[in-house]
Amino acid sequence: MTETTATVWDLLATVPDPEIPALSVVDLGIVREVEELDGNRVRVTLTPTYSGCPATEVIARDVRTALENRYAEVEVRTRLSPAWTTDWMSDEAKGKLLGFGIAPPSGRVTLPLLDVGAPTACPHCGSGSVEELAGFGSTPCKALWRCRTCREPFDYFKKH
Amino acid sequence: MSATSDLSSAAGQQTLADGCLVLSHRLSEWMSKAPTMEEDIALGNIALDLLGQARGLLSHIGDQVGVSEDQLAYFRDPADFRNPLICELPNGDYGHTILRQLFVDCWLAQVWPVLAATAPDEVVRGVAEKAVKENAYHLRHSSAWVVRLGDGTDESRRRMVAALDALWPYRGELAVDGWYDRVESVLTEATLPLPARDAWTQRTSSDGWHTEHLGYLLAEMQSLARAHPGATW
Ligand SMILES: [Zn+2]
């Protein structure tokens, strides 16, 4: 990473995910590559989290906006392979999720995907006694769980 | 029985893209009407994944011939679609919808991993890699519901048996290698009867032949784009 690309990464770290604003696009692990082509042009390569994720287009636009202050020309490319995985989220990102009330994905992904893991603790009270309410939640990346101790429902970011 | 290897061909990709697109639209018809809030959300999520998969493939197909994904989705007529016929069938009751989903999920569970590993084109491989994981989750959902309803109350079982009778003839386009084993293991767990593998099957859409239902589906799906060509928002 050169000094200039480091600046780009810093700028990208200020671009929030539209659906989980506690995380930046860098936290989420969807920024795969940053290349400064010359002093005026930069190219950012993103890997979308989900095939049909409606946030993908918003993210590309937000990335462009964040970098246009500094570069005359911003190219945002999409790279599909290798597919995005929750393994690309940093531990720091998982901590931020927890602080936001979302249980982070537990463990590493193994293929074929046989299960999406389970939250290790309730993000509200820390109790380990939790149960799944529904496999699908408010966004494609989450499932709906409930804490048996404090009785609060919460989102679990599926391991996938 | 078709081989999964055919699916890397242009015709195979069109079948896959159109199947995902048409089924996505069917599932979206459940929005606000599913039996429970959780299922409303589940079917919406599954529809969205299928739409994303369809878009990935349609964009790629369009790139080869210089047209956009929207052109392919909104400005082709029924005879140009190559989706498996089962994808265009009306939803019926929830049992019917979820059994159809199981059949299609099992097809995709055989198809996506092959494409992810062997598709010559990088874009197709990328779409497939993503889809492998999404499909695994969809399959978990449809399997669980088929078991719950098949091995449920007298009424839920009656409806699942009726759905099985209605949908079994449409399996021909889906029954790639490994499909029967997957489906039969779920039907067995659901204590549902196993229909004969060699029973009669419907013809395919490979020559542009469709059921009467696709025209109505497309009329709704394409109406906005055709009324306001090139509209953006
Ligand atoms: Zn709790």
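Our subject is the structure listed above.
None of the values given here were measured: they were computed from a predicted structure.

### Describing the overall build of chain A
Of regular secondary structure, chain A possesses 4 helices and 7 strands. N-terminal to C-terminal, the α/β element order of chain A is α-α-β-β-α-β-α-β-β-β-β. Taken along its principal axes, the extent of the C-alpha atoms in chain A is 55 × 30 × 25 Å. Scored against the burial criterion, the 160 residues of chain A give a buried share of 49%.

### A word on the pattern of salt bridges
Applying the stated rule across the entire model yields 24 salt bridges over all chains. For A:Asp62, the salt bridge is made with A:Arg61, and the minimal N-O distance between the two is 3.9 Å. With a closest N to O distance of 3.0 Å, B:Asp181 and B:Arg197 form a salt bridge. Of this pair, B:Asp181 sits in helix H7 (residues 179–189) while B:Arg197 is found in the loop between H7 and helix H8 (213–227), placing the two residues 16 residues apart along the sequence. Ionic contacts of the salt-bridge type, sharing partners, join the residues A:Glu35, A:Arg43, A:Glu75 and A:Arg77 into one network.

### Observations regarding the packing of helix H4 (residues 94–118) of chain B against H7(B)
Residues and elements named next belong to chain B. Following both chains from N to C, one finds H4 and H7 inclined at 140 degrees, their axes separated by 9 Å at the closest point. Like other packed secondary-structure pairs, H4 and H7 cross with a definite hand, here right-handed. Between H4, through Leu 99, Leu 102, Phe 103, Cys 106, Trp 107, Ala 109 and Gln 110, and H7, the contact on the second element is made entirely by Trp 179, Arg 182, Val 183, Val 186 and Leu 187. Residue classes in the contact of H4 with H7 are distributed as 10 nonpolar, 1 polar and 1 charged.

### So, the coordination of the zinc ion
Residue and element names in this part refer to chain A. The coordination sphere of the zinc ion contains the protein donors Cys 122 (SG), Cys 125 (SG), Cys 147 (SG) and Cys 150 (SG), at a distance range of 2.3 to 2.4 Å. One way to put it: the 4 donor atoms around the zinc ion meet at angles of 103 to 115 degrees, and that makes the site tetrahedral. The sequence pattern formed by the donor residues of the zinc ion is C-x2-C-x21-C-x2-C. One end of the pair, Cys 122, is in the loop between strand S4 (102–103) and strand S5 (130–134); the other, Cys 147, is in strand S6 (residues 142–147), with 25 residues separating them in the sequence. Considered together, Cys 122 and Cys 147 belong to a single accessibility category, that of buried residues.

### Regarding the nonpolar core
Soluble globular proteins tend to bury their nonpolar side chains together. Membership of the largest hydrophobic core comes to 81 residues, with the highest contact counts inside it found for B:Leu99, B:Phe103, B:Trp112, B:Val146 and B:Trp179. Top element by residues in this core is H4(B). It accounts for 14 residues. Each residue touching B:Phe103, except ones within four places of it in the same chain, is listed here: B:Ile86, B:Leu164, B:Leu167, B:Trp168, B:Leu174, B:Trp179 and B:Val183. Grouped together as the second largest cluster of nonpolar side chains are 31 residues, A:Ala55, A:Leu67, A:Trp84 and A:Leu97 included.

### Let's talk about the interface of chain B and chain A
At the interface, 23 residues of chain B touch 26 residues of chain A. Summed over both partners, the interface of chain B with chain A comes to about 2,000 Å²; 61% of that surface belongs to carbon and sulfur atoms. When the buried surface of chain B facing chain A is broken down by residue, B:Lys130, B:Lys133 and B:Tyr137 rank first, second and third, together holding 34% of it. Joining chain B to chain A, the criterion identifies 2 salt bridges. Between A:Glu132 and B:Arg140 there is a salt bridge; the shortest N-O distance is 3.1 Å. Remark: the boundary between chain B and chain A carries 9 residue pairs in polar contact (both at pLDDT 80 or more). Mapped onto the side of chain B that touches chain A, the elements with two or more residues apiece are helix H2 (37–65) and helix H5 (122–150) of chain B.

### Points about the side chain of B:Glu184
All names here are of chain B. The topology assignment puts Glu 184 in helix H7. For Glu 184, a relative accessible area of 15% corresponds to the buried category. In contact with Glu 184, not counting residues within four places along its chain, are Leu 194 and Arg 197.

### Structural notes on the packing of helix H1 (residues 10–28) of chain B against H8(B)
Residues and elements named next belong to chain B. With their axes 11 Å apart at the nearest point, H1 and H8 run at an angle of 75 degrees to one another. Taken together, H1 and H8 sit at an angle that is classed as roughly perpendicular. In this structure, H1 contributes Leu 21, Val 22, His 25 and Arg 26 to the contact, and H8 contributes His 213, Leu 214, Leu 217, Glu 220 and Met 221. Among the residues making up the contact of H1 with H8, the classes are represented as 5 nonpolar, 2 polar and 2 charged.

### Things to note about the sheet that holds strand S1 (residues 31–38) of chain A
Residues and elements named next belong to chain A. The strand order across the open sheet formed by 3 strands is S1-S2-S3, and the pairing between neighbours is mixed. Unpaired on one side and paired on the other, S1 and strand S3 (73–78) mark the two borders of the sheet. On average, adjacent strands in this sheet sit at an angle of 15 degrees to one another, irrespective of strand direction. Judged from the 6 bridges that link them, S1 and strand S2 (residues 41–46) form a sheet pairing that is antiparallel. Across the sheet, the residue bridging to Val 31 is Leu 46, located in S2.

### Some points on unusual backbone geometry
Residue A:Pro82 follows A:Ser81 across a cis peptide bond; omega there is 0 degrees. Looking at where A:Pro82 falls in the secondary structure, it is placed in the loop between S3 and helix H4 (91–99). With a phi angle near 70 degrees, A:Arg151 is a residue other than glycine that sits in the positive phi range. Here A:Arg151 lies in the loop between S6 and strand S7 (153–157). Unusually for a residue other than glycine, B:Thr191 sits at a positive phi of about 55 degrees. Position of B:Thr191 among the secondary structure elements: in the loop between H7 and H8.

What counts as what
- Sequence positions are assigned chain by chain, starting from 1 and proceeding in written order.
- All chains are assigned letters beginning with A, and all ligands numbers beginning with 1, in the order in which they are written.
- Owing to the predicted nature of the model, reporting of local features is limited to residues with pLDDT of at least 70; listing and counting of side-chain atom pairs is limited to 80 or more, with chain, interface and lining totals taken over all residues.
- Side-chain calculation: all heavy atoms of the structure are included, whereas hydrogens and water are not.
- Secondary structure elements are taken from DSSP: a helix is a run of H or I of four residues or more, a strand is a run of E of two residues or more, and numbering for both begins at the N terminus.
- Only protein chains enter the accessibility calculation, which uses a 1.4 Å probe; a residue whose area is less than 20% of its type maximum is buried, one above 50% is exposed, and one in between is partly exposed.
- When a carboxyl oxygen of Asp or Glu lies within 4 Å of a side-chain nitrogen of Lys or Arg, that pair is called a salt bridge.
- With axes taken as lines fitted to C-alpha atoms, and helix axes fitted only over the stretch in contact, angles between N-to-C directions fall between 0 and 180 degrees.
- Less than a right angle of anticlockwise turn of the near helix away from the far helix marks a crossing as left-handed, whereas a clockwise turn marks it as right-handed.
- Throughout, a contact is declared for two residues whenever any of their heavy atoms are within 4.5 Å.
- Under the grouping applied here, Gly and all other residues not named as nonpolar or charged are polar, the nonpolar ones being Ala, Val, Leu, Ile, Met, Phe, Trp, Tyr, Cys and Pro and the charged ones Asp, Glu, Lys and Arg.
- Donors, by definition, are the N, O and S atoms found within 2.8 Å of a metal, the threshold being 3.2 Å for Na, K and Ca, and water is not counted, so a site can look incomplete.
- In short, tetrahedral needs four donors with all angles between 85 and 135 degrees, square planar needs four and octahedral six donors with opposite donors over 155 degrees apart and all other angles between 65 and 115, and whatever is left is irregular.
- For our purposes a nonpolar core is just a set of buried Ala, Val, Leu, Ile, Met, Phe, Trp, Tyr and Cys residues, chained together by side-chain atoms within 4.5 Å.
- Buried area is understood as the total, over both parts, of accessible area removed when two parts are fitted together, assessed with a 1.4 Å probe.
- What qualifies as a polar contact is a pair of N or O atoms within 3.5 Å, subject to a donor-acceptor requirement within protein and to the restriction that residues adjacent in sequence count only when both atoms come from side chains.
- By definition in this entry, angles of less than 35 degrees are roughly parallel, angles greater than 145 are roughly antiparallel, angles of 65 to 115 are roughly perpendicular, and the rest are oblique.
- Strands are treated as partners if at least two bridges between them are detected by DSSP.

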